[in-house]
2 protein chains.
Amino acid sequence: MANGTLLYAQSGGVTAVINATASAVIQTARARKVKVLAARNGILGALREDLIDTSKESLAAIRALAHTPGGAFGSCRVKLKSLEADRAKYERLLDVLRAHDVRWFLYNGGNDSADTALKVSRLAQEFGYPLTCIGVPKTIDNDLAVTDCCPGFGSAAKYTAVSVREAALDVAAMADTSTKVFVYEAMGRHAGWLAAAAGLAAQHEGDAPHLILFPERAYDEAAFLAQVDKVVKRVGYCVVVASEGIRTADGTFVADAGGGKDAFGHTQLGGVASHLAGRVKDVLGYKVHWTLPDYLQRSARHIASKTDVEQAMAVGVAAVEYALKGMNSMMPVIVRTSDAPYRWKIAPASLDKIANHEKTMPANFLRKDGYGITAAARRYLEPLIRGENPPPYGRDGLPRYIALKNVAMRKKLAPM
Amino acid sequence: MANGTLLYAQSGGVTAVINATASAVIQTARARKVKVLAARNGILGALREDLIDTSKESLAAIRALAHTPGGAFGSCRVKLKSLEADRAKYERLLDVLRAHDVRWFLYNGGNDSADTALKVSRLAQEFGYPLTCIGVPKTIDNDLAVTDCCPGFGSAAKYTAVSVREAALDVAAMADTSTKVFVYEAMGRHAGWLAAAAGLAAQHEGDAPHLILFPERAYDEAAFLAQVDKVVKRVGYCVVVASEGIRTADGTFVADAGGGKDAFGHTQLGGVASHLAGRVKDVLGYKVHWTLPDYLQRSARHIASKTDVEQAMAVGVAAVEYALKGMNSMMPVIVRTSDAPYRWKIAPASLDKIANHEKTMPANFLRKDGYGITAAARRYLEPLIRGENPPPYGRDGLPRYIALKNVAMRKKLAPM
């Protein structure tokens with residue numbers, strides 16, 4: 001064993017392939033004889049000194065992580081504040097790292113996590129503690145700066161395009177006497193990347209999805225309903241994909257517009273698709289159906305993109321290599337070197353270029369009318385959903401996902 | 001070519017594998033040199049004399065139907081009334097069949113369709129027109145009488161079990177600081193078969209789904225919320241699967257209980273999952289998420305059950321064989337001859353035993369407390385989701401689903 005341990009933690013919303021990154025991290029570190037600890041429930045585990053000893057897991061289990069969705073060590077939705085505001089927490093974090101001889105800290109998450117990794121690194125320098133902090137990219141939102149794409153996005157994008165294509169065949173078959181308008185709600189609060197990916201389901205003019213609503217464009221109800229009506233009259237039915245983050249011109253989230261109560265005064269949870277479907281029904285009178293895939297879209301490892309799985313593993317391998325080389329405050333990012341044939345490589349990028357930035361879709365990815373994607377968007381998106389990488393299935397017809405033992409390290413510090 | 005043509009039509013909600021049945025029907029008939037017409041949009045196409053000449057499709061296209069979801073010729077939600085009430089329509093149907101020399105009529109649907117096939121057969125006999133009517137089973141609801149299971153159900157069941165297992169891993173990873181209760185809404189207005197299939201996702205005590213709500217048991221809000229709270233306190237989170245058809249003791253559908261309006265007085269569409277999630281949030285105060293997969297669950301050919309695909313094709317083959325043998329008013333049904341190893345065969349059943357009957361879940365499939373499935377249910381359900389039969393994928397990362405040409409036959413009659 002090398003001197004020191006490597007601490008890995010998962011942060012923010014999990015994906016179908018974040019465990020593939022974890023698998024690559026642990027396998028790469030093991031090959032280098034470096035012991036890997038994992039923080040339980042992300043940064044919280046580090047603050048609580050709730051650290052998992054991954055050396056207790058078999059190699060088979062670690063390999064199986066590569067095809068298991070969710071977050072094997074637990075993740076969390078906690079954003080540390082600035083160094084000044086949350087200094088006690090950052091110092092506690094450093095105490096825990098020191099107590100367990102952590103020399104390498106890998107934080108697997110989005111732009112908030114990149115920011116946290118950066119701050120931990122600065123504090124370590126300030127205290128003269130030798131620590132290499134590496135951010136490892138992950139998010140289905142695809143909104144990280146610098147990297148060409150984000151591990152997790154490609155699989156959610158593939159789920160979206162496949163699901164929309166399949167549901168559209170259903171709607172097409174029934175439209176004569178049943179549902180004429182179908183609304184699919186895609187995740188993406190600030191950027192329409194997943195909604196855009198649905199556009200890949202359409203191959204020819206008239207194919208579903210017929211209308212996509214992006215957060216990058218203001219939602220205009222009258223214009224939208226007119227479009228729906230036009231499509232139904234031309235095609236016989238209309239498949240709409242709406243990003244959860246669409247807003248009206250005054251900045252109001254459509255998802256929040258309702259704030260409904262049912263007949264008994266109880267909270268009625270809605271969302272964008274339910275709202276749009278309701279408006280289509282009320283104003284146009286068409287029979288509607290709608291879907292809210294919610295977590296299904298980000299956990300659907302069974303329909304993962306092979307490209308995405310490969311990239312998720314590649315950033316894990318590179319993260320360990322960067323760490324062991326002492327490339328502090330860096331993130332391995334995906335660099336696209338060619339569209340056709342699609343080629344990519346991993347390269348280091350400075351965390352301060354990524355932390356707290358947010359990448360929205362380029363304007364030239366949106367069709368002029370705002371309801372669809374352009375050829376440029378297809379060129380970008382298509383390679384990301386390419387290839388299949390199904391998990392192994394058991395005799396029971398279900399994917400063989402692994403549950404780790406997650407044995408905790410003995411605590412060395414008093415509780416925070 | 002044999003004398004006479006065979007007319008095939010799809011009816012009611014489509015499935016991931018109804019086209020596999022169509023593929024088998026057409027391939028089997030072609031092998032016997034029988035010409036197959038398909039009614040466009042189910043029985044409506046027959047009434048409108050809108051018949052598709054399937055001989056215009058290549059063998060490759062017909063084979064590709066076997067892995068394409070939706071309804072390739074269109075389906076419909078139309079229920080003909082009794083012979084007396086709708087006699088003009090039944091006679092028109094007979095006129096169309098006669099005009100196109102249809103000697104064999106295959107109606108692929110649920111119990112309503114079995115009823116229609118039966119009535120057409122009776123009328124043909126009354127008029128002395130030589131016609132063999134065959135019902136071909138199909139429904140994701142799994143509620144047809146006599147047959148052990150229904151083609152379409154196994155694939156929707158597999159989708160349900162896989163999706164619940166995947167989403168549960170997501171929830172488990174985040175529960176410490178985020179969503180604690182997740183609600184999945186399964187189709188099934190009258191019988192809880194699909195909700196029950198979600199139970200297959202659980203392997204061990206404490207596994208998700210923790211609570212299943214069946215239409216076979218009265219929904220009691222207070223008892224349900226108490227259960228949710230107990231599970232959250234014990235496990236840390238709670239995954240609920242609810243059938244869309246659950247009702248309170250007085251018979252009110254929970255899905256209809258709301259009838260909500262948003263803040264602007266607009267219709268707010270909800271459903272069971274949204275309602276339950278709202279109640280959990282309001283009463284227990286836990287962070288909730290919920291999903292309404294809607295059509296995704298019945299069109300997900302990408303995660304079809306191999307058993308289901310094989311059975312869907314087998315009933316198609318048998319339907320043509322029965323037809324050509326003149327086995328009038330019959331349906332090929334699935335007979336289970338052994339649980340372990342799972343063995344099944346196809347046998348003929350009389351349509352009058354199937355028409356208008358509805359099979360609910362046996363009482364011994366429901367756990368005593370009403371919130372889960374028994375070992376007997378698992379023995380029944382598990383073989384139905386066994387095996388994978390993925391569609392071929394293109395270089396673009398999407399399943400290669402086929403769109404037929406659907407060339408119409410020249411009309412011979414005046415419009416109805």
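Think of each chain on its own: its residues are numbered from 1, step by step along the sequence as written. Following the order in which they are written, the chains are lettered starting with A and the ligands numbered starting with 1. Two thresholds apply to this predicted model, a pLDDT of at least 70 for residue-level local features and 80 or more for giving and counting side-chain atom pairs, whereas whole-chain, interface and lining totals are computed over all residues. Excluded from the side-chain calculations are hydrogens and water; all other atoms, namely the structure's heavy atoms, are used.

Identification of chain A as Pyrophosphate--fructose 6-phosphate 1-phosphotransferase from Noviluteimonas caseinilytica is taken from an unreviewed UniProt entry. UniProt positions are given in the numbering used here, feature names are shortened, and annotations may be inferred rather than shown by experiment. Taken verbatim from the UniProt record of chain A, the Cofactor (unreviewed entry) comment is "Mg(2+)".

A. A look at the packing of helix α1 (residues 18-31) of chain A against helix α12 (residues 306-324) of chain A. Residues and elements named next belong to chain A. The axes are straight lines fitted to the C-alpha atoms, using for helices just the contacting stretch, and the angles between their N-to-C directions are given from 0 to 180°. A run of H or I in DSSP becomes a helix once it reaches four residues, and a run of E becomes a strand once it reaches two; helices and strands are each numbered from the N terminus. Where α1 contacts α12, the axes come no closer than 7 Å and their chain directions differ by 35°. At the point where α1 passes α12, the crossing takes the right-handed sense. Only A312, M313, V315, G316, V317 and V320 of α12 make contact with α1, whose side of the interface consists of A20, T21, S23, A24, V25, Q27, T28 and A29. With the far helix as reference, a near helix turned anticlockwise by less than a right angle produces a left-handed crossing, and one turned clockwise produces a right-handed crossing. It only takes one pair of heavy atoms within 4.5 Å for two residues to be counted as in contact.

B. Region of the structure containing the state of the cysteines. For this text, the term disulfide refers to a pair of cysteine sulfurs within 2.5 Å. By the definition in use, this model includes zero disulfides over all chains. Counting only cysteine sulfurs, C133 of chain B is the nearest neighbor of C76 of chain B, a cysteine outside any disulfide, at a range of 16 Å.

C. View of the pairing of strand β1 (residues 5-10) of chain A. Residues and elements named next belong to chain A. Remark: exposure states derive from per-residue accessible area (1.4 Å probe, protein chains only) relative to the maximum for the residue type, with buried under 20%, exposed over 50%, and partly exposed in between. Burial analysis of β1 places six of its six residues in the buried class, the great majority of the element. Residues of β1 alternate between two faces, with T5, L7 and A9 on one and L6, Y8 and Q10 on the opposite face, all of them buried. Sheet topology places β1 next to strand β4 (residues 102-109); six bridges connect them, and they run parallel. For A9, the partnering residue across the bridge sits in β4 and is Y107. Two strands pair under a simple rule: DSSP has to find at least two bridges between them. Here β1 pairs with strand β2 (residues 35-39) via four bridges, running parallel. Among the inter-strand pairings, L7 is bridged to a residue of β2, identified as L37. For the handedness criterion, the β-α-β arrangement of β1, α1 and β2 is classed as right-handed. Look down the strands so they point away from you; if the path from the first strand over the helix to the second goes clockwise, the crossover is right-handed.

D. The arrangement of the domain arrangement of chain A in detail. Residue and element names in this part refer to chain A. Domain assignment breaks chain A into domain 1 (5-141 + 303-357) and domain 2 (153-299). Once you take the C-alpha centre of each, domain 1 and domain 2 turn out to be 35 Å apart. Contacts between the two partners involve 14 residues from domain 1, matched on the other side by 13 residues from domain 2. Each of two parts loses accessible area, computed with a 1.4 Å probe, when they are put together; buried area is these two losses added. Of the roughly 1,100 Å² buried where domain 1 meets domain 2, counting both sides, 58% is carbon and sulfur surface. Take a side-chain nitrogen of Lys or Arg and a carboxyl oxygen of Asp or Glu: if they are within 4 Å of each other, that pair is a salt bridge. The interface formed by domain 1 and domain 2 holds zero salt bridges in total. Identification of polar contacts relies on pairs of N or O atoms within 3.5 Å, with a donor-acceptor requirement for protein atoms, meaning one able to donate a hydrogen and the other able to accept it, and with residues adjacent in sequence counted only if both atoms are side-chain atoms. Between domain 1 and domain 2 we count four residue pairs in polar contact (both at pLDDT 80 or more) in total. Taken together, the residues of the side of domain 1 that touches domain 2 sort by class into seven nonpolar, four polar and three charged. Segment limits for the domains were obtained from an automatic or database-derived domain assignment. Residues were grouped as follows: Ala, Val, Leu, Ile, Met, Phe, Trp, Tyr, Cys and Pro as nonpolar; Asp, Glu, Lys and Arg as charged; and all remaining residues, including Gly, as polar.

E. View of the relation of the copies chain A and chain B. Overlaid copies result from least-squares superposition on C-alpha atoms, with residues included only where pLDDT is at least 70 in both. It takes a turn of 180° to lay chain A on chain B, together with a shift of 0.0 Å along the axis; the resulting RMSD is 0.0 Å. Here the copies are linked by what is in effect a two-fold axis. Most of the interface of chain A is mirrored in chain B, where 100% of its interface residues are also at the interface.

F. Region of interest: the UniProt feature "site: Important for catalytic activity" (unreviewed entry) in chain A. Residues and elements named next belong to chain A. Listed under "site: Important for catalytic activity" (unreviewed entry) in the UniProt record, and renumbered for this structure, are K138. Locating K138 in the fold gives a position in the loop between β5 (132-137) and α6 (153-174). Other than its neighbours up to four places away in sequence, K138 contacts S11, G12, G13, T15, I18, N108, G109, G110, L144 and P151. One polar contact links the side chain of K138 to the main-chain carbonyl oxygen of S11, over a distance of 2.8 Å.

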